[in-house]
Structures are given as C-alpha cells and as structure tokens.
Amino acid sequence: MPPDGPDSWPKNYSRRQWLAFYRVNEMALQGGGLIDGRGEQWWNLPCKPHKGANKTALTTPCDSPIAIRFFMSNNLTVQGIKIRNSPQFHFRFDNCRDVYIESIRISAPALSPNTDGIHIENTNDVGIYNSIISNGDDCVSIGSGCYDVDIKNVTCGPSHGISIGSLGNHNSSACASNITVRDCMIKNSDNGVRIKTWQGGSGAVSGVTFENIHMDNVRNPIIIDQFYCLSKTCTNHTSAVYLSDIQYTSIKGTYDIRSPPMHFACSDSVPCTNITLSDVELLPAKGDVVLDPICWNAYGELQTLSIPPVSCLLEGIPRSILETDAGFCRLN
C-alpha cells in the first residue's frame with residue numbers, strides 16, 4: 001500500500017506515479033498478493049471531473065499517482081497480480097516493447113475518475129490475456145504510437161469499455177495499427193469497443209479488428225467518436241486522425257437504450273473508410289424498441305445482415321481521401 005492520500009504523500013516524492021520501473025529488460029512482476037492503491041482521497045480532490053461545481057473540474061493542480069508504471073522497458077511479464085483502487089491509472093506502459101499481461105485482476109469503483117486498468121502509449125508487441133477489469137474509466141486504453149496489440153479473453157466492466165484513444169489532442173499527430181480485441185465480454189459499461197479522437201489532430205489508425213465480443217447492458221457497444229471533447233468549448237477543425245480498415249465481427253448482446261447500439265461519428269473533412277460489419281446482433285437490454293445506428297461521414301460495408309439493420313454506411317472511398325495524403329504515419 002502507498003501512503004493514504006495526498007496529505008500523507010511525502011513532499012519530495014513524485015505525485016505522477018507510485019511504483020516506477022525505468023529501462024528494465026526481461027522482468028516479471030507476478031504473485032498472488034494484492035496491491036491496494038488507496039485511491040479514495042485522491043478521487044475526492046476538488047479538481048476531479050465529478051467533484052467541482054456542476055460536475056466540472058476545478059483548475060487546481062491535480063497530479064495523482066499511477067500505481068505501476070513502466071518506462072522504456074522490454075520483455076515484460078505481468079502475471080497473476082491483483083490490484084485495486086489506484087489513485088489514477090492502475091498500469092501504464094510508455095515506450096515499451098514485448099509486454100505480456102496474463103491473468104490479472106483490476107478493480108475500482110465505477111465512479112472513480114481516471115482509473116484506467118491498463119494504458120499503453122508508444123508501446124508495441126503487447127498481449128493482454130485472461131484478465132478481469134472493473135473500474136471508473138477504460139478497462140484498456142491504447143494511445144498513440146502503439147501497434148501489434150492483441151487483447152483476448154478479457155472481462156471488462158463496469159467501466160468505459162476498451163478504447164483506442166483518445167488521439168490527436170492539442171492538434172497532435174497520432175498513429176496506431178494492427179490492433180485486435182477478441183473473445184471478450186463487456187458488461188454494464190458506458191462504452192463497448194470505442195475509437196475516440198479529438199478534432200484538429202492528424203495521423204492514422206488502421207488495421208483494427210474487434211471480434212467475438214459479448215455485450216451485456218452496454219451503452220454505445222460500437223462507437224467511433226471523432227468529435228471527442230471534455231468541455232463545451234471545443235471548436236470545429238479541418239484536420240483529423242484518419243481511421244481506416246476497421247472490422248467488427250460477431251459483436252453480440254444487449255445495449256443500454258440511452259444510446260444507439262452503433263455510432264459512427266467520423267470527421268467532417270477526413271471520413272472513416274473501409275469499416276466492415278459482419279454478424280452483429282445487438283438488442284435492447286430493456287423493452288423491445290430497437291434503436292437505429294447512427295453514421296456520419298462513415299464509409300464501409302455490411303457483409304452480413306445485422307440486428308439492428310445498418311443502412312447508413314456510405315459506399316466506396318471518398319475522393320477527398322484519394323486526392324490527399326490523409327493519415328500518413330511512419331511507425332518504427
């Protein structure tokens with residue numbers, strides 16, 4: 001356990017992470033014990049999104065420690081660990097390679113802010129398997145510079161789902177590719193499988209597969225949101241992260257009727273292309289009114305009949321994509 005809350009945190013310690021590993025090669029973190037992040041007092045700081053007036057964050061300093069963080073490390077194994085109630089993210093990997101995560105359990109309350117289970121950034125060759133995650137944010141969040149990521153047999157929720165992004169904040173360039181999420185269950189969550197980008201960004205996300213995902217009472221089971229914004233002051237931009245080659249196969253289950261089961265909100269100026277849907281069956285968790293999918297500037301095809309029917313995807317590839325170098329990325 002770390003010190004209990006901000007007032008107990010030693011003044012000469014970083015408030016950005018608790019347990020940090022830097023430039024480590026061939027390390028295993030494993031065992032049957034419990035890591036308790038004692039995050040509640042951090043969650044209750046007035047700068048947190050749910051604590052200020054009208055549930056908006058106050059602009060006071062708000063650093064909260066990530067429980068376990070790896071920097072610039074390779075050949076990592078995290079296995080069998082139980083961790084709960086981190087002040088912020090539970091695990092974060094920055095500039096790492098060959099990361100294997102197996103049979104871990106992460107838990108935090110559904111309303112705990114920014115308690116992502118696993119966040120990766122500029123990290124590649126990642127496997128996340130056979131784990132159970134429930135928290136107040138994304139079960140797994142995939143940031144810029146990530147490629148060759150495989151997520152399998154993860155039970156997620158309550159949570160904000162499994163997300164790529166957010167990407168492109170502050171007009172930045174973001175790239176991610178070859179990401180697979182398969183054989184997972186998402187339950188009682190605000191989102192299912194999500195791609196989220198800010199307006200004004202650049203770069204590309206491509207080669208994404210969501211396959212055999214079971215949804216249980218999930219709001220927004222399938223969502224692309226290229227208008228991601230955490231305030232009411234975001235403005236329209238003409239640039240965006242280019243999304244292409246995104247496949248949804250065998251996505252089945254029930255959705256929370258407060259939101260449509262499929263939501264493809266693509267950039268006005270940089271459309272999403274080559275979205276494919278196959279064997280999608282999503283029914284309302286309550287009642288019998290099936291909501292229609294929502295599409296905006298989304299190009300792709302329906303390869304099999306779906307529930308609900310999808311008729312809003314546009315055909316082909318738009319000329320604006322053919323005539324530009326949208327989504328140029330170079331991944332090392």
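The rules behind each value
- Residues numbered from 1 in each chain as written.
- Predicted model: local features only at pLDDT ≥ 70, side-chain atom pairs only at ≥ 80, totals over all residues.
- Heavy atoms only, no water.
- UniProt positions renumbered as here; feature names shortened; annotations may be inferred.
- Helix = DSSP H or I, 4+ residues; strand = E, 2+ residues; numbered from the N terminus.
- Rg over C-alpha atoms; globule rule 2.2 N^0.38 Å.
- Buried < 20%, exposed > 50% of the residue type's maximum accessible area, 1.4 Å probe, protein only.
- Contact = heavy atoms within 4.5 Å.
- Areas by Shrake-Rupley, 256 points an atom, 1.4 Å probe, with all protein chains shown as cover.
- Lys, Arg positive; Asp, Glu negative; His and termini not counted.
- Charge placed at Lys NZ, Arg CZ, Asp CG, Glu CD.
- Pairing = 2+ DSSP bridges.
- Axes fitted to C-alpha atoms, helices over the stretch in contact; angles between N-to-C directions.
- Polar contact = N/O pair within 3.5 Å; in protein donor to acceptor, adjacent residues only side chain to side chain.
- Core = buried A, V, L, I, M, F, W, Y, C linked by side-chain atoms within 4.5 Å.
- Salt bridge = Lys/Arg side-chain N within 4 Å of Asp/Glu carboxyl O.
- Phe/Tyr/Trp six-rings, centres within 6.5 Å; stacked < 30°, edge-to-face > 60°.
- Patch = residues over 30% accessible without salt bridge, like charges linked within 9 Å, V, L, I, M, F, W, Y side chains within 5 Å.

As annotated in an unreviewed UniProt entry, the protein carries the name Polygalacturonase At1g48100-like and is attributed to Olea europaea subsp. europaea. Among the UniProt annotations of the protein, the heading Subcellular location (unreviewed entry) holds the following wording: "Secreted, Cell wall".

Engineer: Can you tell me about the overall build of the protein, naming the residues and giving the values?
Structural biologist: The helix and strand inventory of the protein stands at two helices and 23 strands. Its C-alpha radius of gyration of 20 Å places the protein within 12% of the 20 Å reference for a compact globule of 332 residues. Taking the principal axes of the C-alpha coordinates as reference, the protein spans close to 60 × 45 × 40 Å. Within the span of the protein, comprising 332 residues, buried residues form 52% of the whole. Contacts spanning at least 24 positions in sequence make up 73% of the contacts within the protein whose residues lie at least 6 apart. Just so you have it, the protein exposes about 15,200 Å², and 48% of that area is on carbon and sulfur atoms. Counting 26 positive and 32 negative side-chain charges, the protein places the averaged centre of each group 9 Å from the other.

Engineer: Tell me about the environment of Asp292, residues and numbers included.
Structural biologist: Tracing the sequence through the fold places Asp292 in the loop between strand 21 (272-284) and strand 22 (294-296). Considering only alpha carbons, one finds Asp292 and Met262, 30 residues apart in sequence, at a separation of 7.8 Å. Setting aside chain neighbours within four positions, we find Asp292 in contact with Pro260 and Pro261.

Engineer: Now, about the sheet that holds strand 22: what can you tell me, with residues and values included?
Structural biologist: Strand pairs in the sheet, formed through backbone hydrogen bonds, run parallel or antiparallel to each other. In spatial order, the strands read 1-4-7-10-12-14-16-18-20-22; together these 10 strands make up an open sheet with parallel pairing. Only two strands of the sheet have a single neighbouring strand rather than two, namely strand 1 (17-22) and strand 22. The sheet shows a mean angle of 15 degrees between the axes of neighbouring strands, direction not considered. With four bridges joining them, strand 16 (residues 193-197) and strand 18 (residues 222-225) adopt parallel strand pairing. Bridged to Arg194 within strand 18 is Ile223.

Engineer: Account for the UniProt feature "active site" (unreviewed entry) in the protein, naming residues and giving values.
Structural biologist: Residues annotated in UniProt with the feature "active site" (unreviewed entry) correspond here to His160. In this structure, His160 sits in the loop between strand 13 (146-156) and strand 14 (162-167). Ignoring anything within four residues of it in the chain, the contact list for His160 reads Gly136, Asp137, Asp138, Asp190, Asn191 and Arg194. From its side chain, His160 meets the backbone oxygen of Gly136 in a polar contact 3.2 Å long.

Engineer: A description of the side chain of Lys196 should follow, citing residues and the corresponding values.
Structural biologist: By the secondary structure assignment, Lys196 is in strand 16. Among the residues examined, Lys196 registers a relative accessible area of 5% and is labelled buried. A distance of 3.2 Å separates polar atoms of two side chains, one belonging to Lys196 and the other to Asp138. In contact with Lys196, other than residues within four places in its own chain, are Asp138, Ser163, Ile164, Gly165, Ser166, Leu167, Asp225 and Tyr228.

Engineer: Run through the nonpolar core, naming residues and quoting values.
Structural biologist: Within the largest apolar cluster, 67 residues are counted, with the highest numbers of intra-cluster contacts made by Phe93, Tyr248 and Phe264. In contact with Phe93, not counting residues within four places along its chain, are Phe70, Leu76, Val78, Val99, Ile101, Ile118, His119, Ile120, Glu121 and Thr123. Core analysis: the second largest hydrophobic core is formed by five residues, Ala240, Tyr242, Val270 and Ile321 among them.

Engineer: With reference to specific residues and values, describe the pattern of salt bridges.
Structural biologist: Enumeration over the complete set of coordinates arrives at 11 salt bridges. The shortest N-O distance in the salt bridge between Arg92 and Asp94 comes to 2.9 Å. Taken as a pair, Arg92 and Asp94 share a single burial class, namely buried. Through salt bridges that share partners, Arg69, Arg92 and Asp94 make up one connected network.

Engineer: An account of the packing of aromatic side chains is requested, with residue identities and associated values reported.
Structural biologist: Taken as a whole and assessed by the stated rule, the structure comprises nine aromatic pairs. Here the aromatic rings of Phe91 and Phe93 are separated by 6.4 Å at their centres, their planes lie at 10 degrees, and the arrangement is stacked. Phe91 sits in the buried class, given a relative accessible area of 1%. Ring-pair connections join several aromatic residues into one group, and the members of that group are Phe21, Phe70, Phe91 and Phe93.

Engineer: I'd like a rundown of a nonpolar patch on the surface, residues and numbers included.
Structural biologist: On the surface, Leu283, Val290 and Ile307 cluster together to form a nonpolar patch covering roughly 220 Å² of accessible area. Structurally, Ile307 can be placed in the loop between strand 23 (298-302) and helix 2 (319-322). What makes Ile307 partly exposed here is its relative accessible area of 36%.

Engineer: Can you break down the environment of Phe70 residue by residue, with the values?
Structural biologist: Along the chain, Phe70 falls in strand 4 (residues 66-71). Its relative accessible area of 1% is what places Phe70 among the buried residues. Put simply, Phe70 and Asn95 are 25 residues apart on the chain and 8.4 Å apart in space, counted from C-alpha to C-alpha.

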